[in-house]
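Secondary and tertiary structure notes
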Amino acid sequence: MALLDLGRKRSSEDGSPRSFAYFRQGLSRAQGAGNKPILVFDGVTKFHKPDQPTLRDVNLSIERGEFVFITGPSGAGKSTLLQLVMRRQSVDDGRILFCGRDIARLTAASIPHLRRNIGVVFQDFKVIPHWTVLENVAVALEILEMPRRLIRSRVAEALERVGLGGKGGQITGTLSGGEQQRVAVARAIVAEPALVLADEPTGNLDPHLALDILTLFEEIHATGTTVLFATHDHTLLDQRPHRIVYIDDGQVREARHGLRSFAGGSTSEPAKKEPAAPTKAAARGVASPPLSPELSPLFG
Amino acid sequence: MDLAGTLRRAARGMREEARLHLVSTSSLAIAFLCLGVALLMLANLDALAGAWERAGRVTIFLRDGARQDQIDELTSALSALPGVASVTHVTSADARREFVADAHLGASVETLPTDAFPASLEVELAGGAGRIGSAAIAERVSQVAIVEDVETYASWFDQLHGLLAAGRGAALGLAVLVLLCVLFVVGNTIRLVVAGRRDEIEVLKLCGASDRFVRGPFIVEGATQGFVAALVAMLTLAVAFFFLRDRVDGALVSLLGAHAVFLHPSMALSVLFAGGLVGAIGSALSLRRYLAV
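Residues numbered from 1 in each chain as written. Chains lettered and ligands numbered in written order. Predicted model: local features only at pLDDT ≥ 70, side-chain atom pairs only at ≥ 80, totals over all residues.

Side note on the interface of chain B and chain A
Inclusion rule: Contact definition: two residues whose C-beta atoms, as placed from backbone geometry, lie within 7 Å. A run of H or I in DSSP counts as a helix once it spans at least four residues, and a run of E counts as a strand once it spans at least two, with each numbered from the N terminus. Ten residue types, Ala, Val, Leu, Ile, Met, Phe, Trp, Tyr, Cys and Pro, are classed as nonpolar, four, Asp, Glu, Lys and Arg, as charged, and the remainder, Gly among them, as polar.
The partner chain A presents 14 residues to the 14 residues of chain B that form the contact. Within the residue set of the side of chain B that touches chain A, elements represented by two or more residues are α1 (3–16) and α8 (198–206) of chain B. The element best represented in the side of chain B that touches chain A is α8 of chain B, accounting for six residues. Residue composition of the side of chain B that touches chain A, by class: six nonpolar, three polar and five charged.

Overview of the packing of helix α5 (residues 133–142) of chain A against helix α7 (residues 177–189) of chain A
Residue and element names in this part refer to chain A. The following threshold applies: Working convention: axes come from line fits to C-alpha atoms, limited for helices to the stretch in contact. Angles between N-to-C directions cover 0 to 180 degrees. When an angle is under 35 degrees it counts as roughly parallel; over 145 it counts as roughly antiparallel; between 65 and 115 it counts as roughly perpendicular; any other value is oblique. Here a crossing is called left-handed whenever its near helix is offset anticlockwise from the far helix by less than a right angle, and right-handed whenever the offset is clockwise.
Where α5 contacts α7, the two axes come as close as 7 Å, and the packing angle between them is 30 degrees. Compared by their axis directions, α5 and α7 come out roughly parallel. In this structure, α5 meets α7 at a crossing whose hand is right-handed. On the side of α5, the interface is formed by V133, N136, V137, V139 and A140, while α7 contributes V183, A186 and R187. For the contact of α5 with α7, the residue count by class is six nonpolar, one polar and one charged.

Some details on the sheet that holds strand β5 (residues 101–102) of chain A
Residues and elements named next belong to chain A. Worth spelling out the cut-off: Should DSSP find at least two bridges between two strands, the strands are regarded as paired.
Ordered in space as β2-β1-β4-β5, the four strands form an open sheet in which the pairing is antiparallel. Unpaired on one side and paired on the other, β2 (52–62) and β5 mark the two borders of the sheet. Here seven bridges tie strand β1 (residues 39–49) to β2, and the two strands are oriented antiparallel to one another. When the bridges of β2 are listed, L39 appears paired with I62. Where helix α3 (residues 78–85) meets the sheet, its contacts fall on β1, β2 and β4 (93–98), and the angle it forms with β1 comes to roughly 120 degrees.

Brief notes about the pairing of strand β9 (residues 243–248) of chain A
Residues and elements named next belong to chain A. Here is the rule: Counting other C-beta atoms within 10 Å of each residue's C-beta, where C-beta atoms are placed from the backbone, gives the exposure class: buried for 20 or more, exposed for 12 or fewer, partly exposed between.
Summarising burial for β9: five of the six residues are buried, a large majority. Sheet topology note: the strand β3 (residues 67–71)/β9 ladder contains four bridges and is parallel. The partner of T71 across the bridge, within β9, is Y246. Here β9 runs beside strand β10 (residues 251–255); their pairing, made up of five bridges, is antiparallel. By the bridge assignment, D248 is partnered in β10 with Q251. The antiparallel pairing of β9 with β10 creates a hairpin that spans two residues between the two strands, and D249 there sits at a positive phi of about 55 degrees.

Some remarks on the confidence of the model for chain B
Applicable threshold: The predictor reports its confidence for every residue as pLDDT, a score running from 0 up to 100.
For chain B, the mean per-residue pLDDT works out to 84, and 92% of the residues sit at or above 70. Note on the complex model: pTM 0.68, ipTM 0.75.

Examining the confidence of the model for chain A
Mean pLDDT over chain A: 78, with 73% of residues reaching 70 or higher. In this model, residues 1–32 of chain A is a region of pLDDT below 50 whose contacts with residues beyond four sequence positions or in other chains number 51 contacts.

Quick look at the nonpolar core
Using the following cut-off: Under the definition applied here, buried Ala, Val, Leu, Ile, Met, Phe, Trp, Tyr and Cys residues are grouped into a nonpolar core through C-beta atoms within 7 Å.
Ranked by internal contacts, the top residues of the largest apolar core, which has 88 residues, are V137, A186, L197, L228 and F229 of chain A. Sequence-distant contacts of L197 of chain A, defined by excluding residues within four places in its chain, comprise L82, V85, M86, I118, V120 and L228 of chain A. Counting residues in hydrophobic clusters, the runner-up holds 32 residues, among them V182, V186, V194 and A229 of chain B.

Section: the sheet that holds strand β4 (residues 147–151) of chain B
All names here are of chain B. Read from one edge to the other, the open sheet built from four strands follows the order β2-β3-β1-β4, with strand pairing classed as antiparallel. Taken across any chain shown, the strands that pair with only one partner, and hence form the sheet edges, are β2 (84–90) and β4. Mean inter-strand twist for the sheet, computed between neighbouring axes without regard to direction, equals 20 degrees. Where strand β1 (residues 57–62) and β4 come together, four bridges link them in antiparallel fashion.

As structure tokens, this is what we get:
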């Protein structure tokens, strides 16, 4: 498993794992690696109840550096899709290729190496409330057994990126919900993973904070990281021209360039290079046109 | 493996669950104290048996009618043997007098005739002569005409060894019970700790931590619990032993002819090591089902 073993190796210069640079867009070492999709769902089926698949023959390709909304009603299978990628669950049929490797076939011992290449953010934050902010973020690097000095500098950098600079010493449980989610985002990105999965990260936040968090993910995306952002909040989808994957009844439909492209029926088009992430100013409160009659039943 | 990081995380875990660890360690210390007391009793029985065996004793019963010159000659010959500390002639009258004085059976004993008590030579062996020396003397003197019988107390020593073997078995059984108790207590403590830190384990696993990374601090915590409990038990036992020894040692020497002894250092260290090892094993076993995230 050359891909997974990369997580163990360190560069001689700064001791950081080399795998992340390898995965990021524009920094690929292998000539062909940059052209391959980072994530491919190939006929993926997942059952939680017999004869009632949560996901049914899902075929989906995520390019490197894409920002993709995963949406659909509650219980549609958004979280299942993400949990299959991080191997919290296993597929019942089909395969999932991460950088060309079938992660459904990974052994239990290899799963940690997969997860070191994926940053995850959850709706319920999953931070340890009695730890400091620094400890919560540093844990992702301690797992990689980085030197403490490097961990401190990388964590400080990540906290700056999420707007929590100077708060490393605070007990995480004393922070607001929005700040705790930023801690979770900092933990997800501190190891510079190739892929960030966000499972309803704005679900517990008010609309204003939700937009802030979305903007934060877009800033992360702007650095070349692939982001899968699961949400059922159509107000977020409405304001951003990102590719949308809609899951309902276990099946997937998609629009390449935001909600409005759904009406145009462009689902079969190949992936295109995305526009740069919008600015923070644009992220806040830009009024969107009303949904088309076709989309209203889906997102209304 | 990042040992320093593991120790750091274990120290943090023990700080966070200090009360739970304290209660658990106290329970374990009591269990180890029971084991220590059993081992101490066994060590003293062993020491007593050894002391008695080393300071061996042979009683040579003389035939009625043995002349004084024959007795003196035998006494001289025995005194000249290597390993013999002293030879004392006990006449029939001396034997009767000693018996009456020691037995406290009342006037009925005093009516017994003097010749009911055979004269004897009491041979005290020097330290180290032991059972082999007794047997050698018995073999030699049994050939002498004036000797009726020789008592080497071999059967008494055999009984004592049987008693010691039973004591060792009981101590071993107690040791197994204590170790199971340690496994149980450490396992349950770590289960409680893990239940309280399930979120932490989930976060670690989702960030890509291996089972070894997650398990490490918990194993250190279990080992520390076992080791500290055993250390507390050994220290408590040592303090109690040396406190009591000063008060009872004189009586023990006069009654049993041996000093009280503490556990051999290697035995005490083995208890500490076993405490740490069993604590670590108990912790590892209790963690298995919590690692599937």
